[in-house]
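Each chain, letter by letter, is given below.
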Amino acid sequence: MTDPLVRVLSLGGTITMTPTDSGAVAPSLGGDALLDAVAPALRGLRVTARTLGRTPGAALTPVLVLDVVREAEEAVRGGAHGVVVVQGTDTMEECAYLADLVWRAEAPLVFTGAMRPAGALGADGPANLAAAVRTAADPRARDRGVLVVMNDEIHAAHRVRKAHAGALQAFESGEFGLLGRVVEGAARFAGGPVRGAALPYPSGEARVPMLETHLGDDGGALRTLLDAGLDGVVIAAYGVGHVSPALADTIEKAAARVPVVLASRTGGGSTLRAAYAFPGSESDLIGRGVITAGRLNPRQARLLLWLLLASGTPGEEIARAIVTRGGGYAERALSWPRPAGSEAKGVAQQAAEPIADGARVRQGEDPHRHPLG
């Protein structure tokens, strides 16, 4: 039997960084150098690498990430059993989630990186790369969408987040937990494959900022963005979906023009639907036209809304797609009669028909049976 083939695409990040003359580190190593360091751990596999860049994670963009996904798809069509993307950890959770939204192949797409640079005492890059390659080659990783492998832990892209600035154990998967672990060089999964349907690639661009509310927020930042022009916005709200009364008034004006998505800034849990009833509560904001993100965190909600707008998703389908992915709520179907992208202009028209085939989508009730978590 032919040894499995894995393609490694290297973007840069801490895993590729070595000291400069100043003593600080910067990206320098390419994909081949990374593979040379772990060759003994990859016996029995065919592994090839391509260096796409030597770029810090903070400098990556959604367009670049989607180009990488297209290259990964091409590698799979060319016979690769799986693909590994090496990048900086600063934006790994966002890049992996965006990739997961459009990834159609059964073959695994695995993201990895490092918390310590190459050459540092206890550098974790080689072990992470070896574990990621082994996972990408494993038949049990197929049809699970996009994965993140760090510290021998296998995370689903739609759950993972970076929860610590510098620790080796920097990534976690919240209340729904890991998909599996790498044990003695082999991937071990807790359950069978479950994944959502892929979304279209964007055909244009969209301006979708993310604003985190704060004590004394009077809505000024949102008003400024509305005046400057935007296509949608995500509000990172308190707790289960709360903002100040002043911000709620501005959100209502924004929701009459563009999609407004409400997510929790807490880092865990879900927005609610009708637990509280006061100006700025989740029920009040739903009545003003917002879409709640459910269990999607603000960064995920922003990427999803950006992709929907930039790919020309009809207005009445935007709320349905967000509710389906996150398990949140929208009181009414919303329609924005404008083309997708940054050229879009117009005033929202509120449709009379509720979403989800005539039935309200309530918290925890998902007619599309999207997997929880």
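The structure we're discussing is the one just above.
Note that the structure is a prediction, hence the values are computed from the model and not measured. Residue positions within a chain follow its written sequence, with the count starting from 1. Local features in this predicted model are restricted to residues of pLDDT 70 or higher, and side-chain atom pairs are both shown and tallied only at a pLDDT of 80 or more, whereas totals for entire chains, interfaces and linings draw on every residue. No hydrogens and no water enter the side-chain calculation; it runs on all heavy atoms of the structure.

Numbering of helices and strands starts at the N terminus; helices are DSSP runs of H or I of at least 4 residues and strands are runs of E of at least 2. Among the structural elements, Arg288 can be located in the loop between helix H7 (282-287) and strand S16 (291-292). Categorising residues by exposure relies on relative accessible area from a 1.4 Å probe, with only protein chains included: less than 20% of the type maximum marks a residue as buried, more than 50% marks it as exposed, and the intermediate range marks it as partly exposed. Relative accessible area serves as the criterion here: at 14%, Arg288 is assigned to the buried category. In sequence terms Arg288 and Ala248 are 40 residues apart; their C-alpha atoms lie 8.3 Å from each other. Residues in contact with Arg288, not counting those within four places in the same chain, are Ala248, Asp249, Glu252 and Ala255. The term polar contact refers here to a pair of N or O atoms within 3.5 Å; inside protein, the definition further demands a hydrogen-donor-capable atom paired with an acceptor-capable atom, and it admits residues adjacent in sequence only when both atoms are side-chain atoms. A polar contact is formed between the side chain of Arg288 and the backbone oxygen of Ala248, at a distance of 3.4 Å. Here Asp284 takes part through its side chain, which lies 2.9 Å from a polar atom of the side chain of Arg288. Contact criterion: two residues are considered in contact whenever any of their non-hydrogen atoms come within 4.5 Å of each other.

Here we take up helix H5 (residues 220-228). For H5, every residue scored as buried is listed here: Gly220, Leu222 and Leu226. Mapping the buried residues of H5 onto a view down its axis gives an arc of 160°, with all of them on the same face. Exposed positions of H5 whose direction lies more than 90 degrees from the buried face are Thr224 and Ala228. One or two residues past the end of H5 sits Gly229, with phi positive at roughly 105°. Taken from the helix axis, the directions to the C-beta atoms give the arc we talk about.

Here, the term nonpolar core denotes a set of buried Ala, Val, Leu, Ile, Met, Phe, Trp, Tyr and Cys residues that are joined through side-chain atoms within 4.5 Å. Counting residues in each nonpolar core, the largest one holds 59 residues, and the members touching the most others are Leu109 and Phe111. Counting only elements with at least two residues in this core, the list comes to helix H2 (62-77), strand S5 (82-86), helix H3 (92-102), strand S6 (109-112), strand S7 (146-150), strand S15 (260-264), helix H8 (298-310) and helix H9 (315-326). The element that contributes the greatest number of residues to this core is H8, accounting for 9 residues. Not counting residues up to four positions away in its chain, the partners in contact with Leu109 are Val69, Ala72, Val83, Val85, Ala99, Trp103, Gly145, Val146 and Leu147. With 29 residues, the next largest nonpolar core counts Ile15, Ala49, Val110 and Ala137 among its residues.

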